[in-house]
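Secondary and tertiary structure notes
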Amino acid sequence: MSSRTSTRAVARPHTAAWRGSAPILAASVLWGSTGTTASLAPAGTSAAAIGSAGLALGGLLLYGTGRGNRLRPNASERWLLLAGALAVAGYPVTFYPAVARTGVAVATVIALGSAPVFAGLLAWLTGRGAPTTRWCLATLMAVIGCAVLVVGPQLGAASTTIDPLGVVLALCGGLTYAVYSLIGGTLIARGHASNSVMGTMFGLASVLALPVVLACGPAWLLTPRGAAVALHLALFTTFLAYRLFGYGLRHTTVETATALTLAEPAVAALLGVTVVGERLPLLSWSGMAVLALGLALLTRPARVRD
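Since we're looking at a predicted model, the values are computed, not measured. Each chain has its residues counted from 1, running along the sequence as written. Totals for whole chains, interfaces and linings use all residues, but because this is a predicted model, local features are given only for residues with pLDDT of at least 70 and pairs of side-chain atoms are given and counted only at 80 or more. In computing side-chain properties, one takes all heavy atoms of the structure into account and sets aside hydrogens as well as water.

**Things to note about the packing of aromatic side chains**
For clarity, the threshold we go by: For this analysis, a ring pair means two rings from Phe, Tyr or Trp (six-membered ring only for Trp) whose centres lie within 6.5 Å, classed as stacked if their planes differ by under 30 degrees, edge-to-face if by over 60, and tilted for the remaining angles. Numbered from the N terminus, helices here are DSSP runs of H or I no shorter than four residues, and strands are runs of E no shorter than two. Residue burial is assigned from relative accessible area. The probe radius is 1.4 Å, only protein chains are included, and a residue is buried under 20% of its type maximum, exposed over 50%, and partly exposed in between.
Under the definition given, this model contains 10 aromatic pairs. Summarising the aromatic geometry, the rings of Y180 and F202 are spaced 6.1 Å apart at their centres and angled 80° between planes, so their arrangement reads as edge-to-face. You can see Y180 sitting in helix α8 (residues 164-189) and its partner F202 sitting in helix α9 (residues 194-216), a full 22 residues away along the chain. Of the two residues, Y180 and F202, neither departs from the other in class, the shared state being buried. Between Y242 and F245, the ring centres sit 6.1 Å apart and the planes meet at 80°, which makes this aromatic pair edge-to-face. Placement of the pair is Y242 and F245 together in helix α10 (residues 224-249), with a separation of three residues, close to one helical turn. We classify Y242 as buried; its relative accessible area is 9%.

Below you can see the structure in the form of structure tokens.
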């Protein structure tokens, strides 16, 4: 084989790997702004209402823009779409209350750290095969780095009691994220357009999330600050982020995709330093380095023999 042919053979998996990982990492950057944005909502606004409002509007946008490639699911796929929509709607009503009960640090570590584990277990239980050794190692590094990064600033503070219900809610948030990622990835792998799959799931979820917004009181949405927060969550952290995430699912596995989203807390921490003016201890920066190594291992393409 000529050197020219050999170079192309090696370059293809690298390009294919980044076609999946790059959009998912970009989505993680957008999701990393969620906490900073939600903190700007009017005082007293329900955490579940903030997340559900962004989902309700963003889900409608995803559905409206995904109708170009009409989804024609069979009977079993309709049930999958319904289950995926329930999981999507379940995320804001589990994760955001978990943040309110346990704090951002603990809820973020539990939810984001458990999501790739749940994804790996669900993929194995549904016959997709056991996770690879490299995925296990990279995910372990990413989870440890994420935990050290987020919990680092809390170590010097006074100890607080962790709410068991908050921990359970955070685990439920990680499970819902893994479920709708797995369902979305399954439908996309069957040949359905990613925009249509995400649009249908999130369109159904927006209908399910609307009662939560109404029950918690929508008056905050009528204020300039509340409207700006809801629009940012809808346009960037829901609509654009999940368009990118759906595209990434077409080119990578669900287990890798959920592990890559562990980049989200790193982005949130950097925004806290650069925008809010927070300071990170050396331990957190060390955790960020370990997290980066884990993500780099996940995005590294498998070797192709000549």
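Now that the structure has been shown, the text picks up again.
**Regarding the nonpolar core**
Counted only if it meets this: Only buried residues count toward a nonpolar core, which is a set of Ala, Val, Leu, Ile, Met, Phe, Trp, Tyr and Cys residues joined through side-chain atoms within 4.5 Å. Note on definitions: a residue-residue contact is assigned when non-hydrogen atoms from the two residues lie within 4.5 Å.
Residues Y180, F202 and F245 are the most contacted members of the largest nonpolar core, which totals 62 residues. Among the elements that take part in this core, α8 stands out by supplying nine residues, more than any other. Apart from the residues within four sequence positions on either side, F245 is in contact with I24, A27, W31, Y177, S181, M198, A257 and T261. Core analysis: the next-biggest nonpolar cluster, separate from the first, contains 10 residues, A38, A41, I50 and L233 among them.

**Regarding the side chain of T256**
Its location among the elements puts T256 in helix α11 (residues 254-260). For T256, a relative accessible area of 14% gives the class buried. Excluding residues within four positions of it along the chain, T256 makes contact with W135 and L298.

**A few points about the environment of L262**
Examined against the element boundaries, L262 turns out to sit in the loop between α11 and α12 (263-276). Judged by its relative accessible area of 0%, L262 is buried. Along the primary structure L262 and A292 are separated by 30 residues, whereas in three dimensions their C-alpha atoms are 9.6 Å apart. Residues in contact with L262, not counting those within four places in the same chain, are L112, G113, P116, A142, V143, C146 and L291.

**As for helix α4 (residues 75-90)**
What counts here: To estimate how far a helix should extend, the number of its residues minus one is multiplied by 1.5 Å.
Helix length check: α4, at 16 residues, gives a terminal C-alpha distance of 23 Å against a target of 22 Å (1.5 Å per residue), a fit within 8%. Of all the positions in α4, only E77, L81, G84, A85, A87, V88, A89 and G90 are classed as buried. The secondary structure elements touched by the buried residues of α4 are α3 (47-65), α5 (92-102), α8 and α9.

**So, the packing of α5 against α8**
Counted only if it meets this: The axes are straight lines fitted to the C-alpha atoms, using for helices just the contacting stretch, and the angles between their N-to-C directions are given from 0 to 180°. An angle below 35 degrees is read as roughly parallel, one above 145 as roughly antiparallel, one from 65 to 115 as roughly perpendicular, and any other as oblique. Definitions for this section: a left-handed crossing has its near helix turned counterclockwise from the far helix by less than a right angle. A right-handed crossing has that turn clockwise. The classification used treats Ala, Val, Leu, Ile, Met, Phe, Trp, Tyr, Cys and Pro as nonpolar, Asp, Glu, Lys and Arg as charged, and all other residues, Gly among them, as polar.
Orientation of α5 relative to α8, taken along the N-to-C sense of each, is 150°, at an axis distance of 8 Å. Of the possible angle classes, the one that applies to α5 and α8 is roughly antiparallel. The handedness of the crossing between α5 and α8 comes out as left-handed. Contact residues: α5 offers T94, F95, P97, A98, R101 and T102, while α8 offers L165, G166, V167, L169, A170, C172, G173 and T176. Of the residues that constitute the contact of α5 with α8, the class distribution is eight nonpolar, five polar and one charged.

**Thoughts on the pattern of salt bridges**
This is how the line gets drawn: The working definition used for a salt bridge is a side-chain nitrogen of Lys or Arg within 4 Å of a carboxyl oxygen of Asp or Glu.
This structure, assessed with the given rule, holds one salt bridge. A salt bridge links R190 to E77; the nearest nitrogen and oxygen atoms lie 3.3 Å apart. One end of the pair, R190, is in the loop between α8 and α9; the other, E77, is in helix α4, and 113 residues separate them in sequence. Residue classification places R190 among the partly exposed residues on the basis of a relative accessible area of 46%.

All quantities given are derived from atomic positions and should not be read as evidence of function.
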